[in-house]
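# Reading the structure
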Amino acid sequence: MPIHHPSTHDVIIAGAGPVGLFLACELRLAGVSVVVLERAADPRSPLKGLPFGMRGLSAPTLEALDRRDLLTAIEAAQRVNASSGAAKAASHWMQAPRRPAGHFAGIQFFHEDIDTARWRYRLPSPAGLTLAVDMHALETVLAERATTMGAEIRRGLEVESFDQSDEGVAVQAGGERLHGRWLVGCDGGRSLVRKAGGFVFAGTGPEFTGYSVEVELADPDALAPGRTYTATGMYTYARPGVIAMVDFDGGAAHRTQPLTPDHVQAVLRRVSGVDVTLTALKLATTWTDRAFQATQYRRARVLLAGDAAHIHSPLGGQGLNLGLGDAMNLGWKLAAVICGEAPVGLLDSYGAERHPEGARILDWSRAQVALMRPTPSTRALETIIRDLIATRDGATYFAEKVWNTSLRYDLGGDHPLVGRSVPEFAFLEGPRTSDRLRDGKALLLDFAPGAPLRSVARRWPGRMSYVAGELADRLGLGAVFVRPDGVVAWASETAGDDGGLSRAASRWIGEP
Ligand SMILES: Cc1cc2nc3c(=O)[nH]c(=O)nc-3n(C[C@H](O)[C@H](O)[C@H](O)COP(=O)(O)OP(=O)(O)OC[C@H]3O[C@@H](n4cnc5c(N)ncnc54)[C@H](O)[C@@H]3O)c2cc1C
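Residues numbered from 1 in each chain as written. Predicted model: local features only at pLDDT ≥ 70, side-chain atom pairs only at ≥ 80, totals over all residues. Heavy atoms only, no water.

For the rest of this paragraph, the subject is the sheet that holds strand β22 (residues 464-468). Remark on secondary structure: sheet strands pair via backbone hydrogen bonds, oriented parallel or antiparallel. Taken in spatial order, the 4 strands of this open sheet run β22-β21-β23-β24, and their pairing is mixed. Each edge of the sheet is formed by a strand with only one pairing partner; in this case those strands are β22 and β24 (488-492). Adjacent strand axes in the sheet meet at a mean angle of 10° when their direction is disregarded. In this sheet, β24 lies alongside strand β23 (residues 479-482) in antiparallel orientation, the contact comprising 4 bridges. Considered in β24, the bridge of Val480 is made with Ala491. Along the sheet, helix α14 (residues 501-509) contacts β21 (442-446), β22, β23 and β24; its crossing angle with β23, the most-contacted strand, is approximately 15°. (Pairing = 2+ DSSP bridges. Helix = DSSP H or I, 4+ residues; strand = E, 2+ residues; numbered from the N terminus. Axes fitted to C-alpha atoms, helices over the stretch in contact; angles between N-to-C directions. Contact = heavy atoms within 4.5 Å.)

To continue, consider the pattern of salt bridges. Applying the stated criterion to the full structure yields 32 salt bridges. Asp363 is paired through a salt bridge with Arg366; the nearest N and O atoms lie 2.8 Å apart. Remark: Arg366 and Asp363 occur in helix α9 (residues 348-370); sequence separation between them is 3 residues, near one turn of the helix. The exposure class of Asp363 is partly exposed, given its relative accessible area of 45%. Connected through salt bridges with shared partners, the residues Asp66, Asp69, Glu424, Arg432, Asp435 and Arg438 form a single ionic network. (Salt bridge = Lys/Arg side-chain N within 4 Å of Asp/Glu carboxyl O. Buried < 20%, exposed > 50% of the residue type's maximum accessible area, 1.4 Å probe, protein only.)

On to helix α11 (residues 392-402). Residues of α11 that are buried include every one of Gly394, Ala395, Thr396, Phe398, Ala399, Lys401 and Val402, and no others. Contacts made by the buried residues of α11 are with β3 (54-58), β4 (100-104), β5 (107-110), α9 and α10 (376-389). The first or second residue beyond α11 is Asn404, which carries a positive phi of 60°.

For the rest of this paragraph, the subject is the nonpolar core. Leu334 and Phe481 are the most contacted members of the largest nonpolar core, which totals 95 residues. Examining the composition of this core, we find that 11 residues originate from one element, helix α8 (residues 319-338), more than from any other. Residue contributions to this core reach at least three from each of two domains, namely domain 1 (8-202 + 292-402) and domain 3 (433-509). In contact with Leu334, other than residues within four places in its own chain, are Val11, Leu27, Trp182, Val184, Leu303 and Leu347. (Core = buried A, V, L, I, M, F, W, Y, C linked by side-chain atoms within 4.5 Å. Domains from an automatic or database assignment.)

Now for the pairing of β23. Two faces belong to every sheet, and in a regular strand the side chains alternate between them. Alternating residues of β23 divide into Ala479 and Phe481 and Val480 and Val482, and every residue in both groups is buried. With 4 bridges connecting them, β21 and β23 associate as antiparallel partners. The partner of Asp446 across the bridge, within β23, is Ala479.

A separate point is the domain arrangement of the protein chain. Once the domains are mapped, the protein chain shows domain 1 (8-202 + 292-402), domain 2 (209-288) and domain 3 (433-509). One C-alpha centre belongs to domain 2, the other to domain 3; they are set 53 Å apart.

The immediate surroundings of the ligand are formed by 25 residues, with Glu38, Arg55, Asp307, Gly317 and Leu320 found nearest. With respect to the ligand, the side chain of Asp307 contributes an N or O atom lying 2.7 Å from an oxygen atom. Between Leu320 and the ligand, the recorded distance is 2.8 Å, taken from a backbone N or O atom to an oxygen atom. Within the complex, 82% of the 1,000 Å² of free accessible area of the ligand lies under protein. Of all the secondary structure elements, the ones that give two or more residues to the shell around the ligand are α1 (18-29), β2 (34-38), β3 and α8. At 3 residues, the largest contribution of residues to the shell around the ligand is made by α8. Considered class by class, the residues forming the shell around the ligand number 10 nonpolar, 9 polar and 6 charged. (Near = heavy atom within 4 Å. Polar contact = N/O pair within 3.5 Å; in protein donor to acceptor, adjacent residues only side chain to side chain. Areas by Shrake-Rupley, 256 points an atom, 1.4 Å probe, with all protein chains shown as cover. Nonpolar A, V, L, I, M, F, W, Y, C, P; charged D, E, K, R; others polar.)

Encoded structure:
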């Protein structure tokens, strides 16, 4: 059962980034006690605002946020920021004549080329398929929600070390010793929890140093707007001075020297091949294409989520989505174990489902690096990818990967919907499917008249909601069992058929 003693928490989360905050919300939904320890005293940072704090959210993330009634608040917070000049500079690519839907190594694909009709199990949803938000807006909404739900967020408290035993974890942070039954490291790419916890972090080293800089230029028209590949690297430029550039130096300049105006100017000249002059350097940060992933996501009572578990270049814009997906996958499972509703083995499915997804994203980012190398053979390959991405098949393929509509966990089961996100079924009466997931319970959707599967749901009172109803389009399905994270664990096309349903429900709701 959850702990309610003030000095001991069910879960200690290291890091109040978006992943730690969303995980805190998920755990509070199930009533377990949570404290989030955050090193930074102040949640604000210039790099979380516009233009560099802009992040693209993909379909599974938007669905997750919608299923927890967070999306409307995030969109509203974003609208406030979107009226600023910086927002307009950050979204320069949106002003192009054709509506870009995303990109692969900067090669765009367009909405009108994508054949969404091929996605048999996707129904129209107000959550949409993509959304650009800035980190400030996202973190503010998540922190407010976590606090409102009863999570304690302690800022200015850095996790320094920890010990774990069979019963729990003792965490040393800022001169205090805190006790938790579980510790989750959501403490970013240089995670202390990962390092001190003895997790193996395996992957590939950097080929380049990436720069995000905001500058004033003597001649703002000297650089070509948009993305330009050059003989030495690549840069993107949004007037009057927002620049991202990639310098193939093997990652040598990342965090090894001060980002002075002279250094940035020298790199910009080398990468762009243009004799630009910086008159001011307002903001600068570097990153690389290191791609590493923890080989395990759990060691006994310590778990990893988000950048703590996987890092890669931000080029594909997927790291945040990957991390929020970790939190949605882990939250209900950890809560069920803590509440004694599921065996601890349920946690093995967290790594089993999320590690392959992380590995896929790391490879997706590596493939983009390969397509950016400043060599003639790479530029030749780029021409071929450009041709392919412009076809209907190509655009649909890339949209599936970038928007992640193809996400499917290997849960076994025969039906092609199993392992996928539940379609946004529109009931003729009553709330829509996402609204019905807001309490964090599993969902049994029964589309047959007479509601013959109701008795299965009665076995897990309070943990599984049963909904019988008629739909505008039931996609040929008779019934669907949905996990608390919105993933389909069982589906049948036959009305009233519970073959396999009880087994799937036992497995995913868990038997104590
Ligand atoms: C330039 C750039 C562009 C990007 N664009 C996109 C995009 O478009 N789409 C996308 O999906 N992703 C994008 N990403 C990646 C995305 O920002 C990250 O994957 C995401 O922020 C990870 O969230 P997190 O909560 O795991 O970690 P973080 O956001 O890094 O948060 C970790 C938190 O832990 C705290 N912390 C660290 N150590 C400790 C400690 N010892 N004790 C306590 N607290 C600690 C930190 O202060 C921080 O607040 C981009 C990244 C960059 C750099």
